[in-house]
Amino acid sequence: MNARLPMLAALAATVLVVSACPAPTPPPPPEPVVNQDSIDAAARARAEQERLAAEAEARRRAEAEAEARRRAEAEAAARRAAEALAAARAAFAQAIYYDYDKSDLKPEARATLDAKLPLLRANANVRIRIAGHTDERGSDAYNIALGQRRAAAAKRYLVDQGIAADRIDVVSFGEDRPAAMGSDESAWSRNRRAEFEIIVGGETLRLP
């Protein structure tokens, strides 16, 4: 028993020495290897993507600008056409005027009628009405007849210029629809007139 004690003591001392020693330090991880070719390839890929994106954006902007220009040009053309058509309608509606108690056409009345011809010729489906008017002087019956003669004179002129007679209706309102109120020459001269109205085909009117 006593002989084993020294051996046990020596074994214990060995264990203590071993446990007191620090654990070995693990080796550091290997340094990453830099692959310059891969870095350069990634940079080139990014640059290519950026270039393609920039080109796509430039194309999108160019197309948007072109579309905006096309829209603006179309709107401007439509506006010009509408203005021209409105001007043509206004020119067509322009009245002609007569001397007192007369139904013959004055030179300026013929010029006004001539200005209506291109629109009538460009729109063969259009039918019009010419309304004759008078000033307040004279009886109702006389003024109705005078207004009729004035409208008929305007129709006859247009027919002589090649417009089909069946495209033109005439009517007289005599003194019933004055353009100006008053009992002086200023008002009377404005009331001795023939007025023009499109009664068929106005919705599809074409410019000459």
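Residues numbered from 1 in each chain as written. Predicted model: local features only at pLDDT ≥ 70, side-chain atom pairs only at ≥ 80, totals over all residues. Heavy atoms only, no water.

J.: What am I meant to see in the packing of aromatic side chains here?
T.: The geometry of an aromatic ring pair is captured by the separation of the ring centres together with the interplanar angle, meaning the angle of the planes. In total, this model carries one aromatic pair according to the counting rule given. Consider the rings of Phe92 and Phe196, whose centres lie 6.5 Å apart with planes at 75°: the pair is edge-to-face. Residue Phe92 is found in helix 2 (residues 36–93), and its partner Phe196 is found in strand 4 (residues 193–200); the two are separated by 104 residues along the sequence. For Phe92, a relative accessible area of 4% puts it in the buried group. Classification of Phe196 by relative accessible area gives buried; the value is 6%. Sitting over the ring of Phe196, Lys116 keeps its end group 4.3 Å from the ring centre. Just above the ring of Tyr142 sits the side chain of Arg149; from NZ or CZ to the centre is 5.8 Å. (Phe/Tyr/Trp six-rings, centres within 6.5 Å; stacked < 30°, edge-to-face > 60°. Helix = DSSP H or I, 4+ residues; strand = E, 2+ residues; numbered from the N terminus. Buried < 20%, exposed > 50% of the residue type's maximum accessible area, 1.4 Å probe, protein only. Lys NZ or Arg CZ within 6 Å of the ring centre and 35° of its normal.)

J.: Would you mind going over helix 4 (residues 140–160) with me for this structure?
T.: Helical periodicity: at 3.6 residues per turn, an α-helix aligns residues three or four positions apart in one direction. The first and last C-alpha atoms of helix 4 sit 30 Å apart over 21 residues, in line with the 30 Å expected at 1.5 Å per residue. Its buried side turned inward, helix 4 meets strand 1 (96–97), helix 3 (107–122), strand 2 (127–133), strand 3 (168–174) and strand 4. With its phi angle positive at about 105°, Gly162 sits one or two positions after the end of helix 4. (Expected span 1.5 Å × (residues − 1). Contact = heavy atoms within 4.5 Å.)

J.: Mind showing me how you'd approach the packing of helix 2 against helix 3 here?
T.: Pairs of packed helices are described in terms of their axes, by the angle between the two and the distance that separates them. The interhelical angle for the contact between helix 2 and helix 3, taken along N-to-C directions, is 125°, at an axis separation of 9 Å. Taken together, the axes of helix 2 and helix 3 are oblique relative to one another. The element helix 2 and its partner helix 3 pack so that their crossing is left-handed. Here Ala88, Ala91, Phe92 and Ala93 of helix 2 lie close against helix 3, whose contacting residues are Lys116, Leu119 and Leu120. Of the residues contributing to the contact of helix 2 with helix 3, the split by class is six nonpolar, no polar and one charged. (Axes fitted to C-alpha atoms, helices over the stretch in contact; angles between N-to-C directions. Parallel < 35°, antiparallel > 145°, perpendicular 65-115°, else oblique. Left-handed = near helix turned anticlockwise from the far one by under 90°. Nonpolar A, V, L, I, M, F, W, Y, C, P; charged D, E, K, R; others polar.)

J.: Would you mind going over helix 3 with me for this structure?
T.: With 16 residues, helix 3 ought to run about 22 Å at 1.5 Å a step, and its terminal C-alpha atoms sit 24 Å apart, in line with that. The sharpest bend along helix 3 comes to roughly 25°, located at Lys116, with the proline Pro118 sitting one to four residues further on. Taken residue by residue, helix 3 has Ala109, Thr112, Leu113, Lys116, Leu117, Leu119 and Leu120 as its buried positions. The inward-facing, buried residues of helix 3 contact helix 2, strand 1, strand 2, helix 4 and strand 4. (Bend = angle between axes of the 7 residues up to and from the residue.)

J.: Help me understand the pairing of strand 2, please; the structure alone is not making it clear to me.
T.: Side-chain direction in a regular strand flips from residue to residue, so the side chains alternate between the two faces of the sheet. Among the seven residues in strand 2, five count as buried, and that is most of the element. Across six bridges, the pairing between strand 2 and strand 4 is antiparallel. Across the sheet, residue Gly132 finds its bridge partner in strand 4, namely Ala194. Pairing of strand 2 with strand 3, which is carried by six bridges, proceeds in the parallel orientation. If you follow Ala131 over to strand 3, its bridge partner there is Val171. Traced from strand 2 through helix 4 to strand 3, the parallel crossover comes out right-handed. (Pairing = 2+ DSSP bridges. Right-handed = clockwise from strand over helix to strand, strands pointing away.)

In short, geometric facts, not functional conclusions.
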